[in-house]
Amino acid sequence: MTGDLLAGLMTASVEDLADGAVLLRGFAVAEAPALLAEITAIAEAAPFRHLITPGGFRMSVAMTNCGAVGWISDRRGYRYGADDPETGCPWPAMSPLFRDLAGRAAQAAGFSGFAPEACLINRYAPGARLTLHQDRDEGNLSHPIVSVSLGVPATFLFGGLDRKDKPRRFRVDHGDVAVWGGPSRLAFHGVDALKQGHHDLTGQLRYNLTFRKAL
Ligand code: SIN
Ligand code: FE2
């Protein structure tokens with residue numbers, strides 16, 4: 001396939017979520033096997049765990065991080081930290097593969113110069129969900145969030161700036177990348193309970209990489 005044809009197909013697969021928010025269909029399909037291999041390596045050093053919310057609930061989504069800082073939650077609150085509280089060691093480094101993909105996706109969505117320090121890695125088993133929330137623990141809200149879906153498809157909920165705004169529902173498939181910034185940076189979003197499913201690369205699981213400019 002020629003470069004032009006490929007570029008045309010990629011242009012055709014951009015879907016608007018809201019002002020400042022797009023879904024890049026299939027943007028990460030080619031890199032997906034390498035991304036998943038890296039998730040496995042990261043999880044050997046920094047295992048997936050179910051974090052406790054400040055209110056005392058155990059999250060159904062299992063999480064880990066890579067990058068200079070990682071997102072954590074416990075009874076004391078939500079925050080970014082340089083060390084994994086489970087191991088006491090720094091989070092595994094963010095590889096060029098991860099960083100470049102995030103930068104290219106942000107660029108394709110119209111946000112240049114995206115250089116994230118943090119990548120939260122979410123693992124969804126059947127039934128796991130993420131209630132509507134804003135990503136607002138980052139020190140710098142002028143950069144977007146870049147969110148990569150891998151494995152079993154899920155329903156991504158994308159609402160407005162008010163928790164009460166009714167979210168729109170989007171199916172996110174393996175390799176899809178959502179980017180939200182600018183007027184949508186603080187939009188409420190979440191993920192419906194994962195349905196039973198199968199993907200050849202992840203079995204019954206869905207993974208999500210969320211890149212943030214945290215510092
Ligand atoms: C998140 O909001 O951090 C994750 C969204 C997703 O799993 O698609
Ligand atoms: Fe989020």
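Residues numbered from 1 in each chain as written. Chains lettered and ligands numbered in written order. Predicted model: local features only at pLDDT ≥ 70, side-chain atom pairs only at ≥ 80, totals over all residues. Heavy atoms only, no water.

A. Inspection of the site of ligand 1 at higher detail. Lining the immediate surroundings of ligand 1 are Asn122, Tyr124, Leu130, His133, Ser147, His189, Val191, Arg206, Asn208, Thr210 and Arg212. Here an oxygen atom of ligand 1 and a side-chain polar atom of Asn208 are 3.2 Å apart. In the complex, the protein chains occlude 98% of the 260 Å² of accessible area that ligand 1 would expose alone. Applying the majority rule of atoms within 2 Å of the grid points places ligand 1 in the largest pocket. Elements represented by at least two residues in the shell around ligand 1 include exactly strand E6 (118–124), strand E7 (130–133), strand E12 (189–191) and strand E13 (206–212). With 4 residues, the single largest contributor to the shell around ligand 1 is E13. (Near = heavy atom within 4 Å. Polar contact = N/O pair within 3.5 Å; in protein donor to acceptor, adjacent residues only side chain to side chain. Areas by Shrake-Rupley, 256 points an atom, 1.4 Å probe, with all protein chains shown as cover. 1 Å grid on protein atoms, 1.4 Å probe; cavity = no way out; pocket = protein on both sides within 12 Å on 5 of 7 lines; lining within 4 Å. Sits in = over half its atoms within 2 Å of the grid points. Helix = DSSP H or I, 4+ residues; strand = E, 2+ residues; numbered from the N terminus.)

B. Seen up close, the coordination of the iron ion (ligand 2). Around the iron ion (ligand 2), the protein contributes the donor atoms His133 (NE2), Asp135 (OD) and His189 (NE2), at 2.1 to 2.3 Å from the metal centre. Coordination at the iron ion (ligand 2) comes from 4 donor atoms whose angles at the metal span 89 to 175 degrees, giving a geometry best classed as irregular. Binding-site remark: the iron ion (ligand 2) is held by donors from one chain whose sequence spacing is H-x1-D-x53-H. (Donors = N, O, S within 2.8 Å, 3.2 Å for Na, K, Ca; no water. Tetrahedral: all angles 85-135°; square planar, octahedral: opposite > 155°, others 65-115°.)

C. Examining helix H2 (residues 32–45) more closely. End to end, H2 covers 20 Å across 14 residues, agreeing with the expected 20 Å (1.5 Å per residue, within 8%). Three or more residues of H2 are buried, namely Ala32, Leu35, Leu36, Glu38, Ile39, Ile42 and Ala43. Take H2 and look down its axis: the buried residues cluster within an arc of 160 degrees, on one side only. Against the buried residues of H2 lie strand E3 (62–67), helix H3 (96–108), E6, strand E8 (145–151) and E13. (Expected span 1.5 Å × (residues − 1). Buried < 20%, exposed > 50% of the residue type's maximum accessible area, 1.4 Å probe, protein only. Arc of directions from axis to C-beta. Contact = heavy atoms within 4.5 Å.)

D. Quick peek at the pairing of strand E4 (residues 70–74). In terms of burial, E4 is a largely internal element, 4 of the 5 residues being buried. The hairpin turn running from E4 into strand E5 (residues 77–81), its antiparallel successor, is 2 residues long. (Pairing = 2+ DSSP bridges.)

E. A look at the environment of Ala68. Here Ala68 shows up in the loop between E3 and E4. Through-space distance from the C-alpha of Ala68 to that of Gly81 is 8.4 Å; in sequence the pair is 13 residues apart. Apart from the residues within four sequence positions on either side, Ala68 is in contact with Ala82 and Glu117.

F. Local environment of the sheet that holds E7. Strand order across the open sheet formed by 4 strands is E7-E12-E9-E10, with antiparallel pairing between neighbours. If you trace the sheet from one side to the other, it starts and ends with E7 and strand E10 (168–172), each paired once. Looking at each pair of strands side by side, their axes are set apart by 20 degrees on average, direction ignored. Here E7 pairs with E12 via 2 bridges, running antiparallel. Within E12, the residue paired with His133 across the bridge is His189. (Axes fitted to C-alpha atoms, helices over the stretch in contact; angles between N-to-C directions.)

G. The pattern of salt bridges, seen in detail. For the coordinates displayed, the defined rule picks out 12 salt bridges. A salt bridge links Asp176 to Arg25; the shortest N-O distance between them is 2.6 Å. Here Asp176 is found in the loop between E10 and strand E11 (177–180), whereas its partner Arg25 is found in the loop between strand E2 (21–24) and H2, with 151 residues between them in sequence. Of the residues examined, Arg25 reaches a relative accessible area of 25% and is grouped as partly exposed. Asp84 is the partner of Arg49 in a salt bridge, and the nearest nitrogen-oxygen pair spans 2.7 Å. With Arg49 in the loop between H2 and E3 and Asp84 in the loop between E5 and H3, this residue pair connects regions lying 35 residues apart in the sequence. In this structure Arg49 comes out as buried when scored by relative accessible area, which is 9%. (Salt bridge = Lys/Arg side-chain N within 4 Å of Asp/Glu carboxyl O.)

H. Quick look at the pairing of E6. Taking burial as the measure, the 7 residues of E6 include 6 buried ones, the bulk of the element. Pairing between E3 and E6: 6 bridges, direction antiparallel. Bridge pairing in E6 links Cys66 to Cys119. Sheet topology note: the E6/E13 ladder contains 7 bridges and is antiparallel. Counted as the bridge partner of Tyr124 is Arg206 from E13.

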